[in-house]
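Architecture and fold: a report
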2 protein chains.
Amino acid sequence: MVVELISVGTEILLGNIVNTNAAYLSKQCADLGLSCFYQSVVGDNDGRLSEAVRTGLSRADIVIFTGGLGPTQDDLTKETVAEVMNKRLIMDEDSKDHLIAYFDKRGIELTVNNWKQAMVPEGSKVLINENGTAPGIIMEDNGKVAILLPGPPNELIPMFENQVKPYLLQKTDGVLHSVTVKLCGMGESKVETMIEDLINQQSNPTIATYAKTGEVHIRITAKEADANKAKQLIKPLLKEVKKRFGTHVYTTDEQVTLEQAVVDLLMDKGFTLTTAESCTGGMIAARLTDVPGVSEIYKTGFVTYANKSKKRELGVKKKTLKGHGAVSPQVAFEMAKGALEKTKAQVSLSVTGIAGPGGGSDEKPVGLVYIGCNVCGKIVTEKYNFNGNRAKVRESTVVAALTLLRKCVMEFKDTE
Amino acid sequence: MVVELISVGTEILLGNIVNTNAAYLSKQCADLGLSCFYQSVVGDNDGRLSEAVRTGLSRADIVIFTGGLGPTQDDLTKETVAEVMNKRLIMDEDSKDHLIAYFDKRGIELTVNNWKQAMVPEGSKVLINENGTAPGIIMEDNGKVAILLPGPPNELIPMFENQVKPYLLQKTDGVLHSVTVKLCGMGESKVETMIEDLINQQSNPTIATYAKTGEVHIRITAKEADANKAKQLIKPLLKEVKKRFGTHVYTTDEQVTLEQAVVDLLMDKGFTLTTAESCTGGMIAARLTDVPGVSEIYKTGFVTYANKSKKRELGVKKKTLKGHGAVSPQVAFEMAKGALEKTKAQVSLSVTGIAGPGGGSDEKPVGLVYIGCNVCGKIVTEKYNFNGNRAKVRESTVVAALTLLRKCVMEFKDTE
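Calculation notes
- Residues numbered from 1 in each chain as written.
- Chains lettered and ligands numbered in written order.
- Predicted model: local features only at pLDDT ≥ 70, side-chain atom pairs only at ≥ 80, totals over all residues.
- Contact = placed C-beta atoms within 7 Å.
- Nonpolar A, V, L, I, M, F, W, Y, C, P; charged D, E, K, R; others polar.
- Pairing = 2+ DSSP bridges.
- Helix = DSSP H or I, 4+ residues; strand = E, 2+ residues; numbered from the N terminus.
- Axes fitted to C-alpha atoms, helices over the stretch in contact; angles between N-to-C directions.
- Domains from an automatic or database assignment.

A few words now on the interface of chain A and chain B. Across the boundary between the two partners, chain A contributes 60 residues, which contact 63 residues of chain B. Looking at the side of chain A that touches chain B, its residues break down into 26 nonpolar, 24 polar and ten charged.

In structure tokens, the structure reads:
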């Protein structure tokens, strides 16, 4: 069954708000096994809205509209959809009572234009709005369904969850189930080359790659009568993908981020971590502390932006800074060494590099970064050359640092 | 002139990502005086994409596509638009060189599928991608324009700013000119009440408020024949707004962020800054070091997540931690004191609070934060109660800390 989303509102076309409703509804529909081929946004304009309604109803079984249900004159969605579907608007007594009660409770006078919100297309199913005044509406005609929802997310989401979802569940036959395999330390084109055969063979389940900064996600999706059958269908392909990428796979849990995976790994090992950052200036620390409960393994971080701070806080030697420069493997090494010794942690991570836009040279260009990782005294340093502007270089560095940390901790063998 | 946006990507239709590109581009186009009547999203599907391209080109003068330019097989945008516009794809030598250099710099092997990215429609204008591998493309045909941009925002935004905007500026007749007045330390409803009369009177220029976390932006926009006339039209209203909000205005420059304004202020005063963070875990440091050239005023930051770190790095007293708890004005005070003394900076900023989801109590609930600011030995601490989840509390804290820092430095009088 095919669904289409039409968001109505000039404020979206002007870029004043981000259309998060579309993302929410898309995900919900995908989870219900509905296929969504198109989303569109149209302004509060009678002619263009009519055209969008006709187009949507011609190519989808279910069209979900958001916005344009309010009391003002430029709220046209209900009137326009009713006209295209040849339905008369009639007063809905329940909605009228709801309106009166809503305004009464807040001690606000009910202005005339509000009555418009209690008018509904005849024969339609009216959805109660728990958090606002405009009711939602479901209209059925000739096997086509139009669902009209209010624009504010705090009205739309509970209405969808409690009233639309149960309605749609009756309509759908199969469900979609997806698993995301998240990889670090490998680029997208390399990843795709390694599963080209699987991509070429795909039908059900399908398989696709998505590039993030420093990461690649592989999404495997199956369509089946129920979630359990879909999961079974995914299993063999999931196993194969995991086998091919080995330790590059940091999770298969949609909710788990790279920083969460790193924190979990350190907890498993019983290791605490200290960070010592120069060019990332606290971004690694900030990302790690996004994870609730991180205080168990993360106690201290240093942002040693100046050479003097590297010396004072981490004991980097003056001679090393003078001889090799702040952006060097030697300084990354001493930062990782000093951070561990000072804080008595088991693991430390150090970063020094040139984020730009200034500070680069032929010998040491913008994007040159050294990362050091110290696991119980065993120190590794790696050299990187990142592309892009200051923000991109910094973001790439954070992901590379977490990836290196993960690798070093996983490969660490306590031989004592 | 009419523009239409078509976002290409199954990940948007599945609700895996929010389409922030559409909001960004809509806003940019509105600022350029282009009218946008439709936005749409279509998946990585040849037939449906072709249909969307034809529809878009039939009803708009300019169609901007985002996404689907990457190296993989399901990246179809360029191929499909070229086919609809009857253009052959040819190898672009500059793009080829860019690709080789990009991979070479990173020491990654260039796989065969990457060459696809250097193929461009004949006669098109090629846009350099500073932060990725896929070039952008501008195609003109029969008075219609197709602009193809990469999907990742960090590639799209600089490409639009530096290459597409100058191109579009030549195409538009009347121009819109906007000035944004950025305020900190005041909520949106207060701000709106203070300019309610101006909002009610508005026609050209228009005036509107936008709420950001901890900030409010007021946007004044005029439409005129040229930019100079528009600027003149804005002047009196801008002056009035600046007068009403006084020192709450931290900039009227669209490009300047709060962290940039804070860094500029410290540079003006010749002050260096040290940060000492607990619940924000490096976010303040990370945000400050987003600003190029910050190294002149920012040398050292501490992330003292554990009590032990607060004692060791900042000299917070055991007695204070025991007597008042880590989340207390006394600890914020000692953190700010210790940070300054240890690093010999002129200004320090300290943060201690409960970001959640755990760790709260009746007495000290999630969202309770103390911020300390030390300017040359004069220490101020402030108490805050923030709403929302962990991410929201942390983000609100960062903005409040920068706002307090700005206030303390502005009000500081060197009486010695």
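On we go.
Residue and element names in this part refer to chain B. Across the sheet, which stays open at both edges, the four strands sit in the order 10-11-9-12 with antiparallel pairing between neighbours. Where the open sheet ends on each side, the last strands, each with one partner, are strand 10 (206-212) and strand 12 (249-251). Direction aside, neighbouring strands of the sheet carry axes that sit 35° apart on average.

Residues and elements named next belong to chain B. Position of Ile234 among the secondary structure elements: in helix 9 (residues 227-245). With 18 residues separating them along the chain, Ile234 and Val216 place their C-alpha atoms 19 Å apart. When sequence neighbours within four positions are dropped, the list of residues in contact with Ile234 reads His177, Val179, Pro205, Ile220 and Ala222.

Glancing now at the sheet that holds strand 3 (residues 62-66) of chain B. Reading across from one edge, 6(A)-7(A)-8(A)-3(A)-1(A)-2(A)-2(B)-1(B)-3(B)-8(B)-7(B)-6(B) is the order of the twelve strands in this open sheet, with mixed pairing throughout. Looking at strand neighbours, the two that pair on one side only are strand 6 (125-127) of chain A together with strand 6 (125-127) of chain B, the edges of this open sheet. Here the strands of the sheet are splayed against their neighbours by 15° on average, with no regard to which way each runs. Sitting on the sheet, helix 3 (residues 46-59) of chain A touches strand 1 (2-8), strand 2 (35-42), strand 3 (62-66) and strand 8 (144-149) of chain A together with strand 2 (35-42) of chain B, and the angle it makes with strand 1 of chain A is about 170°. Helix-sheet contacts for helix 6 (residues 153-171) of chain B involve strand 3, strand 6, strand 7 (136-141) and strand 8 (144-149) of chain B, and the interaxial angle to strand 8 of chain B is about 160°.

Next up on the list: the domain arrangement of chain A. When the domains of chain A are assigned, the result is domain 1 (2-171), domain 2 (175-251) and domain 3 (258-411). Measuring from the centre of the C-alpha atoms in domain 1 of chain A to the corresponding centre in domain 2 of chain A gives 35 Å.

Cis geometry marks the peptide bond from Asn204 of chain A to Pro205 of chain A; its omega dihedral reads 5°. Within the element layout of this structure, Pro205 of chain A appears in the loop between helix 8 (196-201) and strand 10 (206-212). In this model, Gly356 of chain B is joined to Pro357 of chain B through a cis peptide bond whose omega is 0°. Tracing the backbone through its elements, the reader meets Pro357 of chain B in the loop between strand 15 (347-353) and strand 16 (368-375).

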